[in-house]
Amino acid sequence: MNKIESLDATPVQRADTPSHGITFGEAVRVWARVAALSFGGPAGQIAVMHRIIVEEKRWIGETRFLHALNYCTLLPGPEAQQLAIYIGWLLHKTKGGLVAGILFVLPGVVAIMALSWIYAIFGNVGAVQALFFGLKAAVLAIVLEAVLRIGRRALRNNVMIGLAAAAFI
């Protein structure tokens, strides 16, 4: 059983530590790490979240993660950020959701601004064009790997695989 699904509080518990034992400071550090490693669009971001929060930290289980992901996919807007906010909220309510949501987008904003400035200033330089072409290939590889990884976990039988393939087509 993982931490978030076993919310039984012990009688002797510090006021700043929730019943699941994950401190707010630890959550902030993990969300900053998820944000720093998340690039390549929603599939890559979701795969990084899954690897760190489900597999490595075991803060939530596979079933709860996939359920939350399915729910966030149905909502309008960016499902990866909604998923981060939801998991942050599960851990530390409103402040957890805010921190997860803000930290989730902050590195991307900084990176896109830096890349935009580089492209605007040096976009016609051959080395910069080659750099951006290489970045496209790297991001594509990361996204494909993430989609395959999540697909292997979520698509458990041939019917599910067939429906996913039909939706893709």
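Further up the page is the structure itself.
The present account deals with the structure reproduced in this document. Just so it is clear, the model here is predicted, and its values are computed rather than measured. (Residues numbered from 1 in each chain as written. Predicted model: local features only at pLDDT ≥ 70, side-chain atom pairs only at ≥ 80, totals over all residues. Heavy atoms only, no water.)

Right, let's talk about the packing of helix H1 (residues 24–37) against helix H4 (residues 79–122) for a bit. For any two helices packed against each other, one specifies the crossing angle of their axes together with the interaxial distance. Closest axis-to-axis distance for the H1/H4 pair is 9 Å, and the angle between their directions is 35 degrees. The element H1 and its partner H4 pack so that their crossing is right-handed. Of the residues in H4, those in contact with Phe24, Ala27, Val28, Trp31, Ala32, Val34, Ala35 and Ala36 of H1 are Ala84, Ile87, Gly88, Leu91, His92, Lys95, Gly96, Val99, Ala100, Leu103, Phe104 and Pro107. Grouping the constituent residues of the contact of H1 with H4 by class yields 16 nonpolar, three polar and one charged. (Axes fitted to C-alpha atoms, helices over the stretch in contact; angles between N-to-C directions. Helix = DSSP H or I, 4+ residues; strand = E, 2+ residues; numbered from the N terminus. Left-handed = near helix turned anticlockwise from the far one by under 90°. Contact = heavy atoms within 4.5 Å. Nonpolar A, V, L, I, M, F, W, Y, C, P; charged D, E, K, R; others polar.)

Okay, the environment of leucine 37 next. In this fold, leucine 37 is placed in helix H1. Leucine 37 sits in the partly exposed class, given a relative accessible area of 35%. The spatial distance from the C-alpha of leucine 37 to the C-alpha of methionine 49 is 9.2 Å, given a sequence separation of 12 residues. Apart from the residues lying within four places of it in its own chain, the contact partners of leucine 37 are Val48, Arg51 and Ile52. (Buried < 20%, exposed > 50% of the residue type's maximum accessible area, 1.4 Å probe, protein only.)

Here we take up helix H3 (residues 62–74). Here H3 is 13 residues long and its end C-alpha atoms lie 19 Å apart, about the 18 Å a rise of 1.5 Å per residue gives. Of the surrounding secondary structure, the elements contacted by the buried residues of H3 are helix H2 (41–56), H4 and helix H5 (126–154). (Expected span 1.5 Å × (residues − 1).)

Attention now moves to the packing of aromatic side chains. Inspection of the entire model under this criterion finds two aromatic pairs. An angle of 75 degrees between the planes, with centres 5.4 Å apart, marks the rings of tyrosine 119 and phenylalanine 132 as edge-to-face. On the criterion of sequence distance, the pair formed by tyrosine 119 in helix H4 and phenylalanine 132 in helix H5 is long-range, its members being 13 residues apart. Residue classification places phenylalanine 132 among the buried positions, given a relative accessible area of 17%. The ring centre of tryptophan 89 lies 4.1 Å from the NZ or CZ of lysine 93, which sits over that ring. Looking at lysine 95, its charged tip hangs above the ring of phenylalanine 24, at a distance of 4.5 Å from the centre. (Phe/Tyr/Trp six-rings, centres within 6.5 Å; stacked < 30°, edge-to-face > 60°. Lys NZ or Arg CZ within 6 Å of the ring centre and 35° of its normal.)

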